[in-house]
Amino acid sequence: MDTELVEIWRGDIRESVHRGHAVVCDGQGAVIEAWGDPETVIYPRSSAKPMQALPVVESGLPLTDEQIALACASHDGAAIHTERVGRWLADLGLGESDLRCGPQDPDDRPEHEALIRAGRAPCQLHNNCSGKHAGFLMLGQRLGAGPDYVAIDHPVQAAVKQVFEEVTGIDSPGWGIDGCSAPNHATTLAAFGRAGAAFAAATGSDRRGAAMVRIRTAMMAHPDLVAGEGRACTRLMRALAGKAVVKTGAEGVFLAILPERRLAVALKISDGATRASEAALAAILVRLGVADRRDPVIAGYVDAPILSRRGARVGVMRPAAALR
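Calculation rules
Residues numbered from 1 in each chain as written. Predicted model: local features only at pLDDT ≥ 70, side-chain atom pairs only at ≥ 80, totals over all residues. Heavy atoms only, no water. Disulfide = S-S within 2.5 Å. Buried < 20%, exposed > 50% of the residue type's maximum accessible area, 1.4 Å probe, protein only. Axes fitted to C-alpha atoms, helices over the stretch in contact; angles between N-to-C directions. Helix = DSSP H or I, 4+ residues; strand = E, 2+ residues; numbered from the N terminus. Parallel < 35°, antiparallel > 145°, perpendicular 65-115°, else oblique. Contact = heavy atoms within 4.5 Å. Expected span 1.5 Å × (residues − 1). 1 Å grid on protein atoms, 1.4 Å probe; cavity = no way out; pocket = protein on both sides within 12 Å on 5 of 7 lines; lining within 4 Å. Points joined across faces, edges and corners; volume = space filled by probe spheres on them. Nonpolar A, V, L, I, M, F, W, Y, C, P; charged D, E, K, R; others polar. Lys, Arg positive; Asp, Glu negative; His and termini not counted. Salt bridge = Lys/Arg side-chain N within 4 Å of Asp/Glu carboxyl O.

So, the state of the cysteines
- The tally for this structure, following the rule as stated, stands at zero disulfides.
- No disulfide involves Cys-129; its sulfur sits 3.9 Å from that of Cys-180, the nearest cysteine.
- Exposure remark for Cys-129: the relative accessible area of 3% places this residue in the buried category.
- A disulfide-free cysteine, Cys-233 has its sulfur positioned 11 Å from the sulfur of Cys-72, the nearest such atom.

Here it is in structure tokens:
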């Protein structure tokens, strides 16, 4: 069964509750703390991007840290994202039409408004997963594979699945298609936490470990590329200043990689609410002593005010008793 993780209060009434599952895993892959059912099966969605980027980085391709961060990103389609992905594709002798992620209206407001003023439609570079797909295209070139790199039987996706199962430590029980048209492999929450902990504990002593260290280092160095201004991943990584990689996924999934502690946190909110996944993750980071509840950024997630249209504080979203 899932358990209560986040609650919303308005006045003296607990108005809503978000339930879910969460685990903390150590560097040996053991679950050292859990809420709900660690063996619940999830799609990790975009939280799996560090694992999906792993075969790209492991291949020894000449990647910059910015490109690695973009390969792991769910960006908001700002110019800092689209211009870099566009240059990356050009360096490969490719263009926007070679992507298979589909167009997406950018979440970045300046870019959204610029498109309207110019009378232009959003393109695939604006897709939040365009960096991941550029990495797939780069790996596809290295493998000498065909252009339809999102097909489940394509060599790129075969490499992604193999690495994903190796780092989670179990065979995936199935797969679905993500919003960007690429396969997303299911696993248990505990196995996903184990994969995150492998990134946290990696030392760079072998090829896989070196790739894991490179990925986590690139993400922490470029939090603005991993998400965007105002986004939880970017804000939390800046606030934690090198202590954590945090990566959101659709439908209430979150992953945190904590290299200094050799730990990882993985969670899934049952109703898929992003607001609850952000609050629950921040609460667990506070519980672990990684984040300071007094930090204004952290407080904005663990004691998130609910405001009226006039700006009056009328309620609060906060961790449920299990996380306090």
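After presenting the structure, the write-up continues.
Considerations on the packing of helix α3 (residues 79-91) against helix α5 (residues 130-143)
- Closest axis-to-axis distance for the α3/α5 pair is 10 Å, and the angle between their directions is 10°. Judged by the angle between their axes, α3 and α5 are roughly parallel. When α3 is examined against α5, the residues Val-85, Trp-88 and Leu-89 are found in contact with a partner set consisting of Ser-130, Gly-131, Ala-134, Gly-135, Leu-137 and Met-138.

Quick look at helix α6 (residues 155-168)
- With 14 residues, α6 ought to run about 20 Å at 1.5 Å a step, and its terminal C-alpha atoms sit 20 Å apart, in line with that.
- Looking at α6, one finds that the buried residues are Val-156, Gln-157, Val-160, Val-163, Phe-164, Glu-165, Val-167 and Thr-168.
- The secondary structure elements touched by the buried residues of α6 are α1 (49-58), α5, β6 (183-185), β7 (187-188), α7 (189-201) and α8 (207-221).
- Looking one or two residues beyond α6, the residue adopting positive phi is Gly-169, at roughly 85°.

Quick notes on empty space enclosed by the protein
- Within the structure shown, the criterion is met by two cavities of 30 Å³ or more.
- Looking at the largest cavity, its volume works out to about 40 Å³.
- Lining the largest cavity are Pro-44, Ala-48, Gln-52, Val-160, Phe-164, Pro-183, Asn-184 and His-185.
- Only α6 and β6 provide two or more residues apiece to the lining of the largest cavity.
- Element by element, the count of residues in the lining of the largest cavity is highest for β6, at three residues.
- Estimates place the volume of the second largest cavity at around 30 Å³.
- Lining the second largest cavity are Gln-52, Ala-53, Val-56, Ala-71, Lys-132, Gly-135 and Phe-136.
- Listing elements by their share of the lining of the second largest cavity, those giving two or more residues are α1 and α5.
- Considered class by class, the residues forming the lining of the second largest cavity number four nonpolar, two polar and one charged.

Details of the side chain of Glu-278
- Structurally, Glu-278 is set in helix α11 (residues 274-287).
- Arg-231 is the oppositely charged side chain nearest to the buried, salt-bridge-free Glu-278, at an N-O distance of 6.4 Å.
- Ignoring sequence-local partners within four residues, the contact set of Glu-278 consists of Ala-232, Phe-254 and Tyr-301.

Quick word on the packing of α7 against α8
- Remark: α7 packs on α8, axes separated minimally by 8 Å, with the N-to-C direction vectors making an angle of 90°. Accordingly, the angle class assigned to the pair α7 and α8 is roughly perpendicular. Where α7 abuts α8, its residues Ala-198, Phe-199, Ala-200 and Ala-201 lie against Met-212, Ile-215 and Arg-216.
- When its residues are assigned to classes, the contact of α7 with α8 shows six nonpolar, no polar and one charged.

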